[in-house]
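The residues making up each chain are set out below.
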Amino acid sequence: MFLKMAWSFSDDRPIYSQIIEQIKQFIVSGEIKPGDKLASVRDMASEAGVNPNTMQRALSELERTGLIYSQRTSGRYITQKEELIQDMKNELANEKINMFLQSMQQIGYSKEQVADLIKNYKEAENK
Amino acid sequence: MSELVLECKGLTKKFGRKTALDNIDLKLGRGKIIGLLGPNGSGKTTLIKTANGLLAPTGGKVLINDKIPGRETKKIVSYLPDQTYLPQWMKIDGLIEMFSDFYADFQPQTAYEMIKSLNINPSEVLKTLSKGTKEKVQLILVMSRRAQLYLLDEPIGGVDPATRDYILDSIIKNYSENATVLISTHLINDIEKILDEVVFIKNGSIMLHNSVDDLRESEGKSVDAIFREVFKC
């Protein structure tokens, strides 16, 4: 499978960690599905416009966590283990909540106040 | 096979009183894309020409695969000069034939495939092509060799952003796994994502040699931003 993904990189962090994040994002959003075969390292590097060694490093890291597995002769695949994907989703959700809470704290809201706001926000929408 | 594809030991090059390379020590490993970055007049082209054997060092030495540049090293080094050097009256297919005769590692099919994918007509004469297209043809010829070391002097200098993307992509796709690509440029922003390592050169001296991701990790900013700080005017 040749990925047709929208890669984008920011300037302030290493590229390999951004590749890891984006592949996770692609899995969560369903752009890559469990069991999908990944393109070759070089094709993926070419598509993302990054160095092949950097792509290799990111994929190895994802392999280490089990999200990607490789079959010796036929290439790399996205895991089909639902619980691994769910874990990763939860992790991403936690990161987002953390970021959101931090920005709310900056404008003076505590966690509890934020929770209330969210509850009311839902109610307001349901009316 | 030596672990290093290129090594400089106390390399010095003087033009009269002017020192272009000042006692440079540099080691480049295999299987990497490396940026040689520095402002105008910092010594990038002189370093590359010395590695090609086009300039003789005033002091110290440069080694390619443990050998002094010469006949043997030309077989494994593919060089893109900073200026057009191809005969302007030749047709593209004629150039491909010439390169096949000159270099045992030249892959004509690769060259034709790339020419085709860029919608360039191989029976056209070089003279009739635009500047950007000429640069593309030159780079295609250079990257169609199965070399161990590619020395690319400003390959993206004079071309539009779309062509720049194509050139960088063709570098990613075409260098063989154990080969090293050294790219000199001052357009860092465009190329830093495809680099393993960067070498900063200033007034003929190496200021810094590090992996791109290590730099971004430790400094929290892009190599382009670091470059602007190091070379602030």
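Scroll up a little and you will see the structure.
Quick summary incoming for the structure in this document.

A few points about the sheet that holds strand β2 (residues 18-29) of chain B
Residues and elements named next belong to chain B. Spatial ordering of the open sheet is given by β2-β1-β4, a layout of three strands whose pairing is antiparallel. Looking at the sheet topology across the chains shown, the edges are occupied by β2 and β4 (59-64). On average, adjacent strands in this sheet sit at an angle of 15° to one another, irrespective of strand direction. Strand direction decides the pairing type here: strand β1 (residues 4-15) and β4, joined by five bridges, are antiparallel. By the bridge assignment, Leu 6 is partnered in β4 with Ile 64. Sitting on the sheet, helix α1 (residues 44-51) is in contact with β1, β2 and β4, with an inclination near 120° to β1.

Examining the pattern of salt bridges
Residues and elements named next belong to chain B. Applying the stated rule across the entire model yields 13 salt bridges over all chains. Notably, a salt bridge pairs Lys 131 with Glu 135, separated by 3.5 Å at the nearest N-O pair. On the criterion of helical spacing, the pair formed by Lys 131 and Glu 135 is a turn pair, its members being four residues apart in helix α5 (residues 131-143). Judged by relative accessible area, Glu 135 falls into the buried class, the value being 17%. Arg 216 is the salt-bridge partner of Glu 192, the closest N and O atoms lying 2.6 Å from each other. In this pair, Glu 192 is assigned in the loop between α7 (188-191) and β8 (197-202) and Arg 216 in helix α8 (residues 212-219), connecting sequence segments 24 residues apart. For the pair Glu 192 and Arg 216, one class covers both residues: buried.

So, the side chain of Glu192(B)
For Glu192(B), a relative accessible area of 2% gives the class buried. Only 3.0 Å separates the side chain of Glu192(B) from the backbone nitrogen of Val223(B), close enough to count as a polar contact. Among the polar contacts listed, one links the side chain of Glu192(B) to the backbone nitrogen of Asp224(B), at a separation of 3.0 Å. Those residues in contact with Glu192(B) that lie beyond four places of it in its chain are Ile15(A), Val212(B), Arg216(B), Ser222(B), Val223(B) and Asp224(B).

Quick look at helix α1 (residues 15-28) of chain A
Between the first and last C-alpha of α1(A) there are 20 Å, a value that for 14 residues agrees with the 20 Å anticipated at 1.5 Å per step. Most of α1(A) is tucked away: eleven of the 14 residues are buried. Buried within α1(A) we find Ile15(A), Tyr16(A), Ser17(A), Gln18(A), Ile19(A), Ile20(A), Gln22(A), Ile23(A), Lys24(A), Phe26(A) and Ile27(A). On the buried face of α1(A), the contacting elements are α2 (41-48), α3 (52-65), β2 (75-78) and α4 (82-106) of chain A together with α8 of chain B. Backbone geometry just after α1(A) places Gly30(A) at a positive phi near 85°.

Let's talk about the sheet that holds strand β7 (residues 180-185) of chain B
Residue and element names in this part refer to chain B. The strand order across the open sheet formed by six strands is β5-β6-β7-β3-β8-β9, and the pairing between neighbours is mixed. For this open sheet the edge positions go to β5 (77-80) and β9 (205-211), each flanked by a neighbour on one side alone. Between one strand axis and the next, the sheet turns by 15° as a mean value, whatever way the strands run. Sheet analysis places β5 next to strand β6 (residues 149-153), joined by four bridges and oriented parallel. Following the sheet pairing, Leu 80 is matched in β6 by Leu 152.

Observations concerning the nonpolar core
Ranked by internal contacts, the top residues of the largest apolar core, which has 58 residues, are Trp7(A), Met55(A) and Leu152(B). A per-element tally of this core places α1(A) first, with seven residues. Among residues more than four places away in sequence, those in contact with Leu152(B) are Ile48(B), Leu80(B), Leu139(B), Val142(B), Met143(B), Ile171(B), Val181(B), Leu182(B), Ile183(B) and Ser184(B). Counting 23 residues, the second largest nonpolar core, distinct from the first, contains Cys8(B), Leu21(B), Ile64(B) and Ile76(B).

A few points about the interface of chain B and chain A
Taken together, the contact between chain B and chain A spans 22 residues of the former and 20 residues of the latter. Around 1,600 Å² of area is buried between chain B and chain A when both sides are counted, 43% of it from carbon and sulfur atoms. It is Lys193(B), Asp213(B) and Arg216(B) in chain B that bury the most area against chain A; as a group they hold 39% of the surface buried on that side. One can count zero salt bridges joining chain B with chain A. Across the contact surface, chain B and chain A share 14 residue pairs in polar contact (both at pLDDT 80 or more). Where the side of chain B that touches chain A is concerned, the elements lending two or more residues are α6 (161-174) and α8 of chain B. Residues belonging to the side of chain B that touches chain A are distributed by class as follows: six nonpolar, five polar and eleven charged.

Parameters and conventions
- Residues numbered from 1 in each chain as written.
- Chains lettered and ligands numbered in written order.
- Predicted model: local features only at pLDDT ≥ 70, side-chain atom pairs only at ≥ 80, totals over all residues.
- Heavy atoms only, no water.
- Pairing = 2+ DSSP bridges.
- Helix = DSSP H or I, 4+ residues; strand = E, 2+ residues; numbered from the N terminus.
- Axes fitted to C-alpha atoms, helices over the stretch in contact; angles between N-to-C directions.
- Contact = heavy atoms within 4.5 Å.
- Salt bridge = Lys/Arg side-chain N within 4 Å of Asp/Glu carboxyl O.
- Buried < 20%, exposed > 50% of the residue type's maximum accessible area, 1.4 Å probe, protein only.
- Polar contact = N/O pair within 3.5 Å; in protein donor to acceptor, adjacent residues only side chain to side chain.
- Expected span 1.5 Å × (residues − 1).
- Core = buried A, V, L, I, M, F, W, Y, C linked by side-chain atoms within 4.5 Å.
- Buried area = accessible area lost by both parts, 1.4 Å probe.
- Nonpolar A, V, L, I, M, F, W, Y, C, P; charged D, E, K, R; others polar.

From the geometry alone we can't say anything about function, so treat these as descriptive.
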